[in-house]
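The chain contents come next:
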Amino acid sequence: MPFGLSPDQAIIFSLLIAVFGLLIWGRWRYDLIAFGALVVALLTGVVPVDKAFSGFGHPATVIVALVLILSRGLSNAGVIELASRWIVGSGRSLIAHIGLMSGVSAALSAMMNNVAALALLMPIDLEAAAKAKRSAALTLMPLSFATILGGMVTLIGTPPNIIVASFRADALGSPFGMFDFAPVGGVTAIAGVLFVALIGWRLLPAARSKQEAPQDLFKLENYIAELTVGEDSESAGKKLSELKESLAESEAEILGLLRNGRRFAARAATKIKPGDILVLQGGPDAIEKAAGTLNLDYGEDAAQPERLKDDEMELLEVVVPSGSRAERRSAQSLGLRWRHGVTLLGVAREGKPFRERLRRLTLQAGDVLLLLAPQQQHSAVLNWLGSLPLASRGLRMMQREKAGLAIAAFAIAIAAASFGLVYLPVALAAVAVLYAFLRIVPPSQLYESVEWPVIVLLGAMIPIGQALESTGGTALLADGLVALSWGYPPVVALALLMIVTMTLSDVINNTATAVIAAPIALGTAKSLDVNPDAFLMAVAVAASCAFLTPIGHKNNTIILGPGGYRFGDYWRMGLPLEILVIAVSLPMILLVWPL
């Protein structure tokens, strides 16, 4: 075999290279890639049949699912609303606001899923930016980075910590405890939050700071919308140039028109006919004003104009997160109209134009959607799509009277697990059952709360990670890392492991990164005959820190559209932050977990 690899090692390394390549390519969903890799591993025999689905019952997988349910419960109980009243509308300076929001988000992320923490706080941040008449681009990236940093503080803060703890249990007999991550993760998070609040936001491109406010993100002619010329429309028979004059005050622009399925350029002399579809570009207010000025209809349904006059129909702006139901699907395939009575009015995609029909456009993570939906359907639509609202619209039916009970139950469970009185998954499961029994999380939301693609990713990758170790692949990689640092103190190997893990996490899912890096950490520590806890902690920190790209962490993808960011904006704040994380966490690891 090449490079002296055994057949099983050659298969497992080829499989991992293929997985990494496909994850970086990003065309297929990460859960499908991982599950496909598991199937190949089973067919080739590198994963034994009796271990085929062991990952789905692994404690790490169970804990991640339960944490997501409990995060939904804390949200439903209005726990975050208590903090939001203090944060919004208080006239703080930009530095004070970023510092406060970053601190609150980091604290929340330590005790709940960091994606859920961002989902709760992003609308608050947008509202605060609107009141202060400043660009939300200045505050959303610090908010996202702070939620990622906060996850490093506790066992349940982020999936990499749970994975690393489970690998320690398998290798050394006991996992890391709830707050074993706090000395290193806490100091690193504090340093990171101070950086983003005092320096980081200043590193963003000047163009982002010139945006006026959140409405600017959606008013800079970002939305592409389609409006239909009805049979009785006053626009029928007029030239396109006449319509453009009528739209002068609405700030909407006609890009072209669709007629009998064909697209035509917006030529001034073109006469408009009933049934034509005008392609407009503009903000929500501009599009709505254009519809009224030109007497145009939303959508192609003849009954739609009547529905739009219903007082219960409201505009809703949402962002498409990575892994949501809406990602990589079109409005037509989702069945928005016939399932929920929702019309997709416009899509904003980093200011980029597209030629596809709106209803057939394949949606991407980071897209901002302008929807028209019945007011009472907003919450159901958001939950079903897996999308996040861009303004605090009171969509969740808060159960504020249960906030104290929700917090108390969660705190008791964490305390009981921390003192070893109850096994952590059992403690979290008990709270989940209590939340369901009290309808803090209604039974209908239990399964919706779980991020199933992450569960499938974990369930599929854990047996592959175990196969890497059982075939001797981990030992080979560890020996390679040791060889690179040969002649230097073990701390050099520790630093190299952090850099490699952090780089991987910037381009692939942090969960997959932790599953692969944790056994390498154990193998390297064994080869060097040093404390494995230090190397495992290095993986936990590094796998959580994905700040260079919008694809490394879901939170970075979520803010891409609402913040009006570009792919290249992230590294400006992210690169110095990653350097800072290594500079702060490495000495702390050596202090708390000496080699």
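Above: the structure in question.
Since the model is a prediction, treat every value here as computed from it, not as a measurement. (Residues numbered from 1 in each chain as written. Predicted model: local features only at pLDDT ≥ 70, side-chain atom pairs only at ≥ 80, totals over all residues. Heavy atoms only, no water.)

Novice: What's the story with the pairing of strand E1 (residues 223–229) in this structure? I'm lost.
Specialist: A regular strand places its side chains on the two faces of the sheet in alternate fashion. Extensive coverage of E1 is indicated by the burial of 7 of its 7 residues. Here E1 shows two buried faces, one formed by Tyr-223, Ala-225, Leu-227 and Val-229 and the other by Ile-224, Glu-226 and Thr-228. In this sheet, strand E4 (residues 277–282) lies alongside E1 in antiparallel orientation, the contact comprising 6 bridges. In the sheet register, Tyr-223 faces E4, and the bridge partner there is Gly-282. Where E1 meets strand E7 (residues 343–348), 2 bridges bridge the pair, whose relative direction is antiparallel. Its bridge partner being in E7, Ile-224 is matched across the sheet by Val-347. (Buried < 20%, exposed > 50% of the residue type's maximum accessible area, 1.4 Å probe, protein only. Helix = DSSP H or I, 4+ residues; strand = E, 2+ residues; numbered from the N terminus. Pairing = 2+ DSSP bridges.)

Novice: Would you take a moment to explain the nonpolar core for this structure?
Specialist: General note: in soluble globular proteins, nonpolar side chains tend to be found buried as a group. Membership of the largest hydrophobic core comes to 144 residues, with the highest contact counts inside it found for Met-122, Ile-156, Leu-428, Tyr-435, Phe-535 and Tyr-565. No other element matches helix H6 (residues 114–132), which puts 11 residues into this core. Judged by nonpolar contacts, the second largest core, of 24 residues, contains Ala-225, Ala-252, Leu-296 and Leu-372. (Core = buried A, V, L, I, M, F, W, Y, C linked by side-chain atoms within 4.5 Å.)

Novice: Sorry if this is basic, but what is going on with the packing of aromatic side chains here?
Specialist: Two aromatic rings, taken as a pair, are described by how far apart their centres are and by the angle between their planes. Enumeration over the complete set of coordinates arrives at 6 aromatic pairs. Between Phe-53 and Phe-56, the aromatic rings sit 6.3 Å apart at their centres with planes inclined by 50 degrees, giving tilted as the arrangement. You can call Phe-53 exposed: its relative accessible area is 52%. Taking 5.9 Å as the distance between ring centres and 65 degrees as the angle between the ring planes, the aromatic pair formed by Tyr-565 and Tyr-570 counts as edge-to-face. A relative accessible area of 0% means that Tyr-565 is categorised as buried. Among the aromatic residues, those joined into a cluster by ring pairs are Phe-176, Phe-181 and Trp-593. Positioned above the aromatic ring of Phe-176 is the side chain of Arg-168, whose terminal nitrogen or guanidinium carbon lies 5.1 Å from the ring centre. (Phe/Tyr/Trp six-rings, centres within 6.5 Å; stacked < 30°, edge-to-face > 60°. Lys NZ or Arg CZ within 6 Å of the ring centre and 35° of its normal.)

Novice: In this structure, what is going on with helix H24 (residues 510–528)? I would like to understand it.
Specialist: An α-helix turns once every 3.6 residues. As a result, residues three or four positions apart point the same way. A rise of 1.5 Å per residue sets the reference length of H24, with its 19 residues, at 27 Å; its end C-alpha atoms lie 26 Å apart and thus fit the reference within 8%. Roughly 25 degrees is the biggest bend found in H24, and it falls at Ala-517, with proline Pro-519 one to four residues downstream. Taking burial as the measure, the 19 residues of H24 include 16 buried ones, the bulk of the element. The first or second residue beyond H24 is Asp-529, which carries a positive phi of 55 degrees. (Expected span 1.5 Å × (residues − 1). Bend = angle between axes of the 7 residues up to and from the residue.)

Novice: Is there a simple way to explain the pairing of strand E8 (residues 368–374) in this structure?
Specialist: Among the 7 residues in E8, 7 count as buried, and that is most of the element. Taken together, the 5 bridges between E7 and E8 define a ladder with antiparallel strand orientation. Looking at the pairing, Ala-348 lines up with Val-368 of E8.

Novice: How should the packing of helix H3 (residues 59–76) against helix H21 (residues 452–470) be read in this particular structure?
Specialist: Between two packed helices, what matters for the description is the angle formed by their axes and the separation of those axes. It is the contact of H3 with H21, at a shortest axis distance of 9 Å, that shows an interaxial angle of 170 degrees. When the axis of H3 is compared with that of H21, the two are roughly antiparallel. Taking contact as the criterion, the partners of Ala-60, Thr-61, Val-64 and Ala-65 in H3 are, on H21, Val-454, Ile-455, Leu-458, Gly-459 and Ile-462. Its residues assigned to classes, the contact of H3 with H21 shows 7 nonpolar, 2 polar and no charged. (Axes fitted to C-alpha atoms, helices over the stretch in contact; angles between N-to-C directions. Parallel < 35°, antiparallel > 145°, perpendicular 65-115°, else oblique. Contact = heavy atoms within 4.5 Å. Nonpolar A, V, L, I, M, F, W, Y, C, P; charged D, E, K, R; others polar.)

Honestly, it's all geometry; don't read function into it.
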